[in-house]
Amino acid sequence: MTSKSFEFNASNLEAWQKAAVKSAPGGDVSALNWKTPDGIVVKPLYTAEDTANLPYANTLPGFEPFLRGPQATMYAVRPWTIRQYAGFSTAEESNAFYRKALAAGGQGVSVAFDLATHRGYDSDHPRVEGDVGKAGVAIDSVEDMKILFNEIPLDKVSVSMTMNGAVLPVLAGYVVAAEEQGVSQDKLSGTIQNDILKEFMVRNTYIYPPEPSMKIIGDIIEYTAKNMPKFNSISISGYHMQEAGANQALEMAFTLADGKEYVKTAIAKGMDVDEFAGRLSFFWAVGMNFYLEIAKMRAARLLWCRIMKGFDAKNPKSLMLRTHSQTSGWSLTEQDPYNNVVRTTIEAMAAVFGGTQSLHTNSFDEAIALPTEFSSRIARNTQLIIQEETHITNVIDPWAGSYMMESLTQEMADKAWAIIEEVEAMGGMTKAVDSGWAKLKIEAAAAEKQARIDSGKDVIVGVNKYKLAKEDPIDTLSIDNVKVRDGQIERLKAIRASRDSAKVQAALDALTASAESGQGNLLELTIQAMRLRATVGEVSDAMEKAYGRHRADTQKVTGVYAAAYDSAEGWEQLQKEIAGFADQYGRRPRVMIAKLGQDGHDRGAKVVATAYADLGFDVDMGPLFQTPEECARQAIENDVHAVGVSTLAAGHKTLVPAIIAELKKQGADDIIVFVGGVIPRQDYEMLYDAGVKGIYGPGTPIPASAKDVLEQIKKAAA
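Being a predicted model, the structure only gives us computed values, none of them experimental. (Residues numbered from 1 in each chain as written. Predicted model: local features only at pLDDT ≥ 70, side-chain atom pairs only at ≥ 80, totals over all residues. Heavy atoms only, no water.)

A look at the overall build of the chain
Point 1. Across its full length, the chain holds 28 helices and 16 strands.
Point 2. The C-alpha radius of gyration of the chain comes to 26 Å, within 12% of the 27 Å expected for a compact globule of 718 residues.
Point 3. The dimensions of the chain, computed from C-alpha atoms along their principal axes, are 85 × 70 × 50 Å.
Point 4. Across the chain, every contact between residues at least 6 apart in sequence was considered, and the portion connecting residues at least 24 apart equals 80%.
Point 5. Split by element, the accessible area of the chain, about 27,900 Å² in all, is 51% carbon and sulfur.
Point 6. Distance from the positive charge centre (75 side chains) to the negative charge centre (92 side chains) of the chain: 2 Å. (Helix = DSSP H or I, 4+ residues; strand = E, 2+ residues; numbered from the N terminus. Rg over C-alpha atoms; globule rule 2.2 N^0.38 Å. Contact = heavy atoms within 4.5 Å. Areas by Shrake-Rupley, 256 points an atom, 1.4 Å probe, with all protein chains shown as cover. Lys, Arg positive; Asp, Glu negative; His and termini not counted. Charge placed at Lys NZ, Arg CZ, Asp CG, Glu CD.)

Okay, structure coming up:
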């Protein structure tokens, strides 16, 4: 038989269609099409015709437009860097974890800071009582940084730091700790996230308003370009956008638009684009949409090359998009958690097939608590197995030439480019963020996704299908927040007692003056202050005097959840019950959705608020970063029936009992309190004993929680 028998032609395609009709639902082949959350239609069959007119299908890796990878040989010569993101409790405990991870095959350190540090507060600040050491490591000064990197040679080990709000004192503290280890700035390698626009959209660990925040970014790019040539001055992050609900096209478009804005900022400081652009890097989320994630990463390189050519960049390093990736935290489930090992493996494979330069794999227990050493080892070994056992690394861009993947890559690029052009028409990403438009686009996507899960349209194994009759408990890591905070406070007292206070104050005054005048480089001045043992909080306060502290609007989308839920069973009945409550009591049930402490992850809070409002509740959104006292006062003033606390950062054991106590103290213990988010089951009893009326962990359908809350409100009102 000759190869001619297998040539593709119209007759063959017609024969396939006739065969497919026999098994297609209702005899309609188009019913096999899959419409992605991005609005792209993925066909069940692709042929040579789908790639015939694609301009980049036959390009090579390591060459413009870098669609097939930024390096010519990719993993065939050197695999991606295994970089596990971690940090918890004290600098001592985190240091021990890093050293073990490096000894066991880790190839870089990736630091997670606690929320107090992110928001520029020292550990003794009254607003961070429940946050110190909980969702990351507590860092107050150079002394903490020196402990964090003790016996880790900073001239040999690259360090990635996820820091945006308090980026100046944290980066400066790292530089000074390295100096005192004997490592000069020019030998430091790694990345500082330094991506503040993303924070205003999703993660919310900002300190200052957008405009001065962009000035800080420009100063960091300028200083590192001159003094730290091996260090990446910014990691432009889509990860948190996808975690907050963005689909792949939105994540890619907004991230590249952010990058474009940062390039404009650096050029406005008088820098040549090729002077700094080669040290910009990116950070993608990789979720369970396997094909789309691979296509996204290939398309992003294509578009970044196009964007940088628009800035007249000439150095190939300025044109290539290099990225770190992390498997999704949002896709992890509390229910049947060992399924998460499989999910993380699939996501890791997508990151590798997409051509990532470094990768963090999440641990299976992170939907419940911080990862244990046991779960972290499995996560790290997932990467080692892919690198060492599968031979995947021997082929550069194995998806090249796939009719489906090449076509999908172009469709992803086109979809994202249309969004980027929409952003540009608004005047750029700073304006799109400032207006609230970008944030609402992501929140609408999040609400739609949650409705599809709650209604069963999107399957989550072990959550809304194939559920276990009985869930067995697993061991989780618990942090003694009080002990950590007490230790940090003692170290702060010792630092303040031993330093030259007059010199520290002069350095802090110089920072304030620079922020007010716009003269001088803020990172250079911060390094001087940190050498003198100024603290993270003091540096942040010095600039807050000039810039103020940003306060976000609490807008919410409406109608999206209800439209996607599509009147599934029980929805209309629940709406009738809520309307019946209003008839009986003269007003609708009123709930306040609150975020306490410094936890800015508000996807869950916004989705719940949207869904409850669509059901017929009156819904108030508390501002981010409330104290229990402030939350209780607002709840009383707004005359709510219930307060729902959304928690993702492990502060529930401190902050939830505190809000219950405050309501009682202020004479409003008739207001019920319910809690949702990441809460280990072993903490449920303690929370119920404290007076919580309902706990709704990950995977709880929102209508089910709403029905329970309504019943609790009825009991209290009776």
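Here the narrative resumes.
Digging into the pairing of strand S12 (residues 590-594)
Point 1. Counting buried residues in S12 gives four out of five residues, a clear majority hidden from the surface.
Point 2. Bridge analysis of S12 against strand S13 (residues 618-621) gives four bridges, and the strand direction is parallel. Among the inter-strand pairings, Val591 is bridged to a residue of S13, identified as Val619.
Point 3. In this region the chain leaves S12, passes through helix H24 (residues 603-615) and returns to the parallel neighbour S13; the handedness of that crossover is right-handed.
Point 4. Pairing analysis gives four bridges linking S12 to strand S14 (residues 642-647), with the strands arranged parallel. When the sheet's bridge partners are listed, Ala594 is paired in S14 with Val645. (Buried < 20%, exposed > 50% of the residue type's maximum accessible area, 1.4 Å probe, protein only. Pairing = 2+ DSSP bridges. Right-handed = clockwise from strand over helix to strand, strands pointing away.)

Observations concerning the nonpolar core
The nonpolar side chains of soluble globular proteins are, as a tendency, buried together.
Point 1. Ranked by size, the top nonpolar core spans 87 residues in total, and within it Phe254 and Met429 carry the most contacts.
Point 2. For this core, the element with the highest residue contribution is helix H11 (residues 290-310), accounting for 12 residues.
Point 3. If we ignore the near neighbours within four places in the chain, the residues touching Phe254 are Met201, Met241, Ile419, Val423, Met429, Trp437, Ala438, Lys441 and Ile442.
Point 4. Membership of the second largest hydrophobic core comes to 56 residues, among which are Ala91, Val109, Val157 and Tyr208. (Core = buried A, V, L, I, M, F, W, Y, C linked by side-chain atoms within 4.5 Å.)

As for the sheet that holds S14
Point 1. Reading across the sheet, the five strands line up as S13-S12-S14-S15-S16 and stay open at both edges, with parallel pairing between neighbours. Each having just a single partner strand, S13 and strand S16 (694-696) make up the two edges of the open sheet. For this sheet the average axis-to-axis angle between neighbouring strands, irrespective of direction, equals 20°.
Point 2. Each of S12, S13, S14 and strand S15 (672-677) touches H24; the most contacted strand, S13, lies at about 160° to it.
Point 3. In this fold helix H26 (residues 652-665) packs onto S14 and S15, with an angle of close to 160° to the strand it touches most, S15. (Axes fitted to C-alpha atoms, helices over the stretch in contact; angles between N-to-C directions.)

Digging into helix H13 (residues 339-354)
Point 1. With 16 residues, H13 extends 23 Å from end C-alpha to end C-alpha; this agrees with the ideal 22 Å at 1.5 Å per step.
Point 2. Those residues of H13 not exposed but buried are Asn340, Arg343, Thr344, Glu347, Ala348, Ala350, Ala351, Val352, Phe353 and Gly354.
Point 3. Where H13 is buried, its residues touch strand S9 (280-286), H11, strand S10 (323-327), strand S11 (358-360) and helix H14 (373-389).
Point 4. At the exit of H13 stands Gly355, carrying a positive phi of roughly 95°. (Expected span 1.5 Å × (residues − 1).)

Section: the packing of H11 against H13
Point 1. At a minimum axis distance of 8 Å, the contact between H11 and H13 shows a crossing angle of 30°. The angle between the axes of H11 and H13 places the two elements in the roughly parallel class. For the pair H11 and H13, the crossing hand works out as right-handed. Here H11 contributes Phe290, Glu293, Ile294, Met297, Arg298 and Arg301 to the contact with H13, which in turn contributes Ile346, Met349, Ala350, Ala351, Phe353 and Gly354.
Point 2. Residues of the contact of H11 with H13, tallied by class, amount to eight nonpolar, one polar and three charged. (Parallel < 35°, antiparallel > 145°, perpendicular 65-115°, else oblique. Left-handed = near helix turned anticlockwise from the far one by under 90°. Nonpolar A, V, L, I, M, F, W, Y, C, P; charged D, E, K, R; others polar.)

Regarding unusual backbone geometry
What is expected of a backbone is that most residues other than glycine have negative phi and most peptide bonds are trans.
Point 1. Note that the residue after Glu64, namely Pro65, is joined by a cis bond; omega there is 0°.
Point 2. Phi is positive for Arg533, which is not a glycine, with a value near 80°.
Point 3. Structurally, Arg533 is set in the loop between helix H20 (522-531) and helix H21 (536-547).

Examining the packing of aromatic side chains
The geometry of an aromatic ring pair comes down to the distance between the two centres and the angle between the two planes.
Point 1. As enumerated under the stated definition, the model contains 25 aromatic pairs in all.
Point 2. With centroids separated by 6.1 Å and ring planes inclined at 20°, the aromatic side chains of Phe282 and Trp284 adopt a geometry described as stacked.
Point 3. Owing to a relative accessible area of 1%, Phe282 belongs among the buried residues under this scheme.
Point 4. Each residue in the set Phe290, Tyr291, Phe353 and Trp399 is aromatic and connected to the rest through ring pairs, giving one cluster. (Phe/Tyr/Trp six-rings, centres within 6.5 Å; stacked < 30°, edge-to-face > 60°.)

Some details on the side chain of Thr333
Point 1. Along the polypeptide, Thr333 turns up in the loop between S10 and H13.
Point 2. A distance of 3.2 Å separates the side chain of Thr333 from the side chain of Arg343, its partner in a polar contact.
Point 3. Apart from residues lying up to four places away in sequence, Thr333 is in contact with Asn340, Arg343, Ala367, Ile460 and Val463. (Polar contact = N/O pair within 3.5 Å; in protein donor to acceptor, adjacent residues only side chain to side chain.)

Some thoughts on the side chain of Ser328
Point 1. Along the chain, the position of Ser328 falls in the loop between S10 and H13.
Point 2. In terms of polar contacts, Ser328 uses its side chain to reach the backbone amide nitrogen of Trp330, at 3.1 Å.
Point 3. Residues in contact with Ser328, not counting those within four places in the same chain, are Tyr239, Glu243, Val286, Gly287, Glu347 and Asn362.

What about the pattern of salt bridges?
Point 1. Per the stated rule, a full pass over the model turns up 51 salt bridges.
Point 2. The partner of Arg549 in a salt bridge is Glu544, with the nearest N and O atoms 3.3 Å apart.
Point 3. Looking at Arg549, the relative accessible area reads 11%, which means it is buried.
Point 4. Judged by relative accessible area, which is 26%, Glu544 ranks as partly exposed.
Point 5. Among the salt bridges present, the one from Lys606 reaches Asp602, with a minimum N-O distance of 3.8 Å.
Point 6. Among the residues examined, Lys606 registers a relative accessible area of 5% and is labelled buried.
Point 7. Salt bridges here are not isolated pairs; linked through shared partners, they connect Asp122, Asp124, Arg496, Arg499 and Glu538. (Salt bridge = Lys/Arg side-chain N within 4 Å of Asp/Glu carboxyl O.)

A few points about a nonpolar patch on the surface
Point 1. A cluster of nonpolar side chains, Met288, Val342 and Ile346, forms an exposed patch at the surface whose accessible area comes to about 240 Å².
Point 2. Within the element layout of this structure, Met288 appears in the loop between S9 and H11. (Patch = residues over 30% accessible without salt bridge, like charges linked within 9 Å, V, L, I, M, F, W, Y side chains within 5 Å.)

Overview of the environment of Gln634
Point 1. Tracing the backbone shows Gln634 in helix H25 (residues 628-637).
Point 2. Separated by 42 residues in sequence, Gln634 and Met592 place their C-alpha atoms 8.8 Å apart.
Point 3. Setting aside residues up to four positions removed in sequence, Gln634 forms contacts with Met592, Met621, Gly622, Pro623 and Gln626.

Quick word on the environment of Asp336
Point 1. Relative to the helices and strands, Asp336 is located in the loop between S10 and H13.
Point 2. It is 34 Å that separates the C-alpha atoms of Asp336 and Ala299, two residues lying 37 residues apart in sequence.
Point 3. For Asp336, the residues in contact, after removing those within four places along its chain, are Gly462, Leu468 and Glu471.

Side note on helix H28 (residues 702-717)
Point 1. In a regular helix each residue adds 1.5 Å, so 16 residues correspond to 22 Å; H28 covers 22 Å between its end C-alpha atoms and thus fits that length.
Point 2. Restricting attention to buried positions, one finds in H28 the residues Ile702, Pro703, Ser705, Ala706, Val709, Leu710, Gln712 and Ile713.

Quick word on the environment of Ala635
Point 1. Here Ala635 shows up in helix H25.
Point 2. Here Ala635 falls in the buried class, since its relative accessible area comes to 0%.

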